[in-house]
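Examination of the molecular architecture
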Amino acid sequence: MQPDLTDRKIMELLQADSQLTIKEIASRINLSVTPVHERIRKLEKEGIIDKYVCLLNRRKLGKALVVYCNITLDKQRKESFEDFNQAIVKMSEVLECSVVSGNFDYMLKVIVEDAEAYNQFYQHKLSALKSVLHISSYFVISEIKYTTGISVV
């Protein structure tokens, strides 16, 4: 399925506010409710709309520190990657984990309360993994741009 301009407008609106009703979306793009509903269902069925989520304000929840970690594994073996992957998905502090190319194997986005909480996470969880050889940590000082929206128009 190749989304057309109308589908893209619907996706933009839903990314900005997933709680918009079908009626509200229809009025903003000058369509009736039924075709908007059908388009949304098709986007969901095709997997273009993956899921609907609620974004929380991390600072108001006491999670003020964002840290990016570059991880290098000790061995470039399938077992090492699998062990690391299984362990990392269980760590609630890790919001994102990506396998990357370059001088290290993984990049993590970690969110914790403060430097002491990160130190505890680093010492007791991350560096405790037997497959981890090296960790480089980068503390975010200021976020210039933060969005979850993907450009579709």
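Coordinates for the structure precede this section.
Residue numbers run consecutively from 1 along every chain, following the written order of its sequence. Selection of residues for local features in this predicted model requires a pLDDT of at least 70, selection of side-chain atom pairs for listing and counting requires 80 or more, and totals for whole chains, interfaces and linings are taken over all residues. Side-chain descriptors were evaluated using all non-hydrogen atoms of the structure, hydrogens and water having been removed beforehand.

1. Overview of the sheet that holds strand S2 (residues 94-99)
- In spatial order, the strands read S2-S3-S1-S4; together these four strands make up an open sheet with antiparallel pairing. The sheet is open, and its two borders are formed by S2 and strand S4 (132-139), each paired with just one other strand. The sheet shows a mean angle of 20 degrees between the axes of neighbouring strands, direction not considered.
- DSSP bridges decide pairing: two strands pair if at least two such bridges lie between them. In DSSP terms, a helix is any run of H or I states spanning at least four residues, a strand is any run of E spanning at least two, and both are numbered starting from the N terminus. Examined bridge by bridge, strand S1 (residues 65-73) and S4 share seven bridges and lie antiparallel to one another. Counterpart to Thr72 in the pairing with S4 is His134.
- Contact between two residues is taken to exist if any of their heavy atoms lie within 4.5 Å; hydrogens are not considered. Angular values range over 0 to 180 degrees, each being the angle between N-to-C directions of two axes fitted as lines to C-alpha atoms, with helices fitted over their stretch in contact. Contacts from helix H4 (residues 78-88) reach S1, S2, strand S3 (106-112) and S4, with the element oriented near 15 degrees to S3.
- Strands in contact with helix H5 (residues 115-126) are S1, S2, S3 and S4; relative to S4, the strand with the most contacts, it is inclined by about 170 degrees.

2. Considerations on the environment of Arg28
- Looking at the element boundaries, Arg28 is found in helix H2 (residues 22-29).
- Partly exposed residues are those whose accessible area sits between 20% and 50% of the maximum for their type, while under 20% is buried and over 50% is exposed, using a 1.4 Å probe and protein chains only. In this structure Arg28 comes out as exposed when scored by relative accessible area, which is 53%.
- Setting aside residues no more than four positions away along its own chain, Arg28 makes contact with Leu13 and Leu20.

3. Quick word on H4
- Ser80, Phe84, Ala87 and Ile88 are the residues of H4 that are buried. All buried residues of H4 lie within an arc of 95 degrees about the axis, which places them on one face of the element. Facing away from the buried side of H4 by over 90 degrees, the exposed positions are Lys78 and Gln86. As used here, the arc is the angular range of directions from the helix axis to the C-beta atoms.

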